[in-house]
Amino acid sequence: MAKKIKQIAIYGKGGIGKSTTTSNISAALSKLGYKVMQFGCDPKSDSTNTLRNGEYIPTVLDTLREKSTIKASEVLFEGYNGIYCVEAGGPAPGVGCAGRGIITAVQLFKQQHVFEDLNIDFVIYDVLGDVVCGGFAVPIREGIAEHVFTVSSADFMSVYASNNLFRGIQKYSNAGGALLGGVIANSINQPYSKDIIDDFAARTNTQIMQYVPRSVTVTQSELQGKTTIEAAPESAQAKIYTELAIRIAEHEKSAIPSPMGVTELREWAASWGNQLLQLESGVVLGGNQAGI
Ligand code: ADP
Ligand code: MG
């Protein structure tokens with residue numbers, strides 16, 4: 001009997017750390033003995049760079065532009081520790097739907113039974129989450145991914161993107177869509193950042209999978225074209241990514257989140273803004289006066 005493939009999608013605002021986090025999770029899972037495929041679904045097409053010494057790979061869409069039919073093996077590249085790397089690719093800037101690469105690539109892999117034939121344990125989709133476009137919802141909507149995680153810092157724009165994602169998940173949840181596993185809190189170095197992201201998770205009825213600090217080890221590793229798991233396996237940061245990977249591997253039960261409405265989200269952010277201002281200026285108001 002074929003084993004069950006765990007399909008996971010990681011969403012978040014552009015530049016928030018999706019590819020960095022995803023690649024480290026893939027690298028950690030591969031070191032734990034799992035067979036992993038990382039599926040880059042960002043038109044930027046740089047998801048798998050640090051799994052391949054900083055090298056870009058031809059994307060599915062680019063390869064399809066050159067010839068009309070391709071074999072999946074032509075767009076599959078081996079990365080660190082035997083991880084399979086794929087980049088869906090994107091349209092030329094300003095032309096067409098940015099989600100088309102995902103749809104095309106997923107169809108190709110399904111038709112050619114790639115996941116089953118390669119005996120894969122995990123497929124991890126790295127998806128840009130701040131574009132509200134049908135294509136990007138494919139891993140959720142079509143039930144391709146089973147569990148969705150969001151990478152978010154405590155910055156408002158990042159929280160906003162995650163909240164939007166939660167709205168998408170909620171919308172498709174009664175039609176067999178993927179459900180939410182939790183939040184990967186990235187760049188959490190200040191106590192207040194942790195408080196903000198904790199509060200966001202509590203308000204939206206989800207959980208934090210891991211707190212990942214902003215670390216120069218990540219920068220150093222990236223400059224070598226590597227994940228932290230590969231470049232600095234003994235570092236504290238590598239340990240944090242490994243713990244996260246184990247939590248994701250063991251994760252079973254995802255749920256429908258309770259996203260905030262737009263007004264509620266703005267009010268929530270404003271109340272945190274006031275609180276931070278008071279912290280900064282040293283003014284301490286009583287709980288009721290602070291209005292939080
Ligand atoms: P995304 O895939 O969401 O667009 P990236 O993973 O490419 O974002 O990250 C953007 C930049 O932020 C990269 O230069 C990356 O090294 C850096 N970065 C992400 N997470 C961390 C972290 N925890 N510590 C240090 N740098 C980070
Ligand atoms: Mg990326």
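Quick caveat: nothing in here was measured; it's all calculated off a predicted structure.

Engineer: Any chance you could explain the overall build of the protein here in plain terms?
Structural biologist: Each helix and strand counted, the protein has 12 helices and 8 strands in total. For the protein, whose C-alpha radius of gyration is 19 Å, the value lies close to the compact-globule estimate of 19 Å for 292 residues. Residue burial in the protein is summarised as follows: out of 292 residues, 52% are buried. In the structure as shown, the protein presents an accessible area of about 13,600 Å², 51% of it carried by carbon and sulfur atoms.

Engineer: Honestly, helix α7 (residues 191–203) in this entry has me stumped. Any pointers?
Structural biologist: An α-helical turn contains 3.6 residues, so a residue and the one three or four places further along point in the same direction. With 13 residues, α7 extends 18 Å between its outermost C-alpha atoms, agreeing within 8% with the 18 Å of an ideal straight helix rising 1.5 Å per residue. By the burial criterion, the buried members of α7 are Ser193, Ile196, Ile197, Phe200 and Ala201. Buried positions in α7, seen along its axis, are confined to an arc of 130 degrees and lie on one side of it. Exposed residues pointing more than 90 degrees away from the buried face of α7 are listed as Pro191 and Ala202. Contacts from the buried residues of α7 go to β6 (147–152), α6 (156–172), β7 (179–186), β8 (208–212) and α11 (262–281).

Engineer: Can you help me understand the pattern of salt bridges in this one?
Structural biologist: Pairing between side chains of opposite charge can happen when their charged atoms approach one another. Inspection of every chain in the model, using the stated rule, returns 8 salt bridges. The salt bridge involving Arg65 is made with Asp62; its shortest N-O contact spans 2.4 Å. Taken as a pair, Arg65 and Asp62 lie in helix α2 (residues 60–66) at a separation of 3 residues, close to a single helical turn. In this structure, the salt-bridge partner of Glu74 is Lys67, at a minimum N-O distance of 2.5 Å. Judged by relative accessible area, Glu74 falls into the partly exposed class, the value being 29%.

Engineer: Could you clarify how one ought to interpret the packing of α6 against α11 in this entry?
Structural biologist: The axes of two packed helices give the description: the angle between them and the distance between them. Orientation of α6 relative to α11, taken along the N-to-C sense of each, is 150 degrees, at an axis distance of 12 Å. Between α6 and α11, the crossing angle belongs to the class labelled roughly antiparallel. Handedness of the crossing formed by α6 with α11: right-handed. Between α6 and α11, the contacting residues are Phe156, Val159, Tyr160, Asn163 and Arg167 on the first element and Val262, Leu265, Trp268 and Ala269 on the second. Among the residues forming the contact of α6 with α11, the class breakdown is 7 nonpolar, 1 polar and 1 charged.

So, how was this worked out
- Residues numbered from 1 in each chain as written.
- Chains lettered and ligands numbered in written order.
- Predicted model: local features only at pLDDT ≥ 70, side-chain atom pairs only at ≥ 80, totals over all residues.
- Heavy atoms only, no water.
- Helix = DSSP H or I, 4+ residues; strand = E, 2+ residues; numbered from the N terminus.
- Rg over C-alpha atoms; globule rule 2.2 N^0.38 Å.
- Buried < 20%, exposed > 50% of the residue type's maximum accessible area, 1.4 Å probe, protein only.
- Areas by Shrake-Rupley, 256 points an atom, 1.4 Å probe, with all protein chains shown as cover.
- Expected span 1.5 Å × (residues − 1).
- Arc of directions from axis to C-beta.
- Contact = heavy atoms within 4.5 Å.
- Salt bridge = Lys/Arg side-chain N within 4 Å of Asp/Glu carboxyl O.
- Axes fitted to C-alpha atoms, helices over the stretch in contact; angles between N-to-C directions.
- Parallel < 35°, antiparallel > 145°, perpendicular 65-115°, else oblique.
- Left-handed = near helix turned anticlockwise from the far one by under 90°.
- Nonpolar A, V, L, I, M, F, W, Y, C, P; charged D, E, K, R; others polar.

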